[in-house]
Amino acid sequence: MINIAKPCLEEAEIDAIASVLRSGVIAEGPRVAQFEQIFAEYIGVDHAVAVNSGTAALHVALMAHGIGKGDEVITSPFSFVATANSIVYTGAKPVFADIELDTYNISADQIHEKITNRTKAIMPVHLYGQAADMDAIMEIAQDHNILVIEDACQAHGATYNGKKVGSFGTGAFSFYPTKNITTSEGGMITTNDPNIASRARMLRAHGSKQRYLHEILGYNFRMTDISAAIGIVQMGKLEKLTEKRRQNAKKLSAGLKDTKNIILPVEKEKCSHVYHQYTVRTPHRDSLRDTLQEKGIGTGTYYPLCIHQQPLYKEMGYEASFPNSEKASREVLSLPVHPALSDDDINTIITAIIEWDRRLK
């Protein structure tokens, strides 16, 4: 079976976990601080704040900026539900803007149309590992004096004009097992603002800077040293893992370039795509998925239902249509691209799709 995703964990991660267990410091401790420093330096920001999930990173980033009841945050309807849920957690309202169909990222033109006097922030999602149009988004934010909080949960190391995502505004990353690097579960907030970093640290730890002195309402969103130890090892591999993903994506695109019934992913000129997912689009998705499954090739549909179409959001009164997002949700299919793939695996995927494509005519 060729799996759609596979965490790249080796003896070094096991040894790191064992070292933490032997130390006796297994909750938040020195390894969390070390992981934060390494990650901040990698992204190119002054501060990184570790939390226990990507969802928590989004939630805390919003709260650290004071976003709450009565505020609006513009974001994409074509993402994992946590993107919008994190906004709802604060009491603010997600306002959806449609995507660009070639990149699956939020359209800057659509953002313009959604701004009101209640708009507090834009939350672009760097979906599948490719940066959104950050020049346009940052210009909009500056013109309207609103915040940018980047959902970079799928985009560790992705760049726009040579600058890493998560360094334009306040960034939020996920270390779920299928992400480009993992801590088993975990997240990270990135910022150049010391006040935002300080508030985020308080929010993740029951609103305290000093033990048993609670200044604000906070949460238990702390990362453990066990998770951080895994993350430290994974950071040492990230560039190598990213390059392998990019090589695998290049091989898939080269092998599939003459197919007639699928649309391949694009990499925008200003972007360096890290291929958290290699996502094709076809109106014959079910047929392609079933064919690949029969041949032992795993696939994923990210995402089969837009956020505004989810029952929860329908109950909230979301009724607008977003044609590009809805078309994408009907047609996208992600193929294996992870670093553990062999050349034989990639050739098997290409051959199976070419045979399927020829049968469709």
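Every value quoted in this text rests on a predicted model; they were computed, and no experiment measured them. (Residues numbered from 1 in each chain as written. Predicted model: local features only at pLDDT ≥ 70, side-chain atom pairs only at ≥ 80, totals over all residues. Heavy atoms only, no water.)

Across its full length, the chain carries 13 helices and 14 strands. For a compact globule of 361 residues, the expected C-alpha radius of gyration is about 21 Å, and the chain comes in at 20 Å, within 12% of that figure. Judged by the C-alpha coordinates and their principal axes, the chain covers about 70 × 55 × 35 Å. The burial tally for the chain puts 55% of its 361 residues in the buried class. (Helix = DSSP H or I, 4+ residues; strand = E, 2+ residues; numbered from the N terminus. Rg over C-alpha atoms; globule rule 2.2 N^0.38 Å. Buried < 20%, exposed > 50% of the residue type's maximum accessible area, 1.4 Å probe, protein only.)

Glancing now at unusual backbone geometry. The omega torsion of the bond from Y302 to Y303 falls at 20 degrees, within 30 degrees of zero and hence cis. The topology assignment puts Y303 in the loop between α10 (285–294) and α11 (311–315). You will see that N161, though not glycine, has its phi angle at about 55 degrees, which is positive. Note on placement: N161 falls in the loop between β6 (159–160) and β7 (163–164). Non-glycine residue H206 carries a positive phi angle of around 60 degrees. Structurally, H206 is set in the loop between α7 (194–204) and β10 (208–210).

Here we come to the sheet that holds β6. Strands sit in the order β7-β6-β12 across an open sheet of 3 strands; the sheet is antiparallel. Bordering the open sheet on either side are β7 and β12 (271–272), each of which pairs with just one other strand. The sheet contact formed by β6 and β7 spans 2 bridges and is antiparallel. Paired with Y160 across the bridge in β7 is K163. (Pairing = 2+ DSSP bridges.)

Strand order in the open sheet formed by 7 strands is β1-β9-β8-β5-β4-β2-β3, and the pairing between neighbours is mixed. In the strand order of this sheet, the two ends are held by β1 (47–51) and β3 (93–96), each with one partner. Within the sheet, the average angular offset between the axes of one strand and its neighbour, ignoring direction, is 25 degrees. The sheet contact formed by β1 and strand β9 (residues 187–191) spans 5 bridges and is antiparallel. Bridge pairing in β9 places V49 opposite I189. The sheet contacts of helix α2 (residues 30–43) involve β1, β8 (170–174) and β9, and relative to β1 the element is tilted by about 130 degrees. (Axes fitted to C-alpha atoms, helices over the stretch in contact; angles between N-to-C directions. Contact = heavy atoms within 4.5 Å.)

On to the environment of T116. Tracing the backbone through its elements, the reader meets T116 in the loop between α5 (108–114) and β4 (119–123). For the pair formed by T116 and S79, sequence separation is 37 residues and the distance between their alpha carbons is 23 Å. At 3.0 Å, the side chain of T116 forms a polar contact with the backbone nitrogen of R118. (Polar contact = N/O pair within 3.5 Å; in protein donor to acceptor, adjacent residues only side chain to side chain.)

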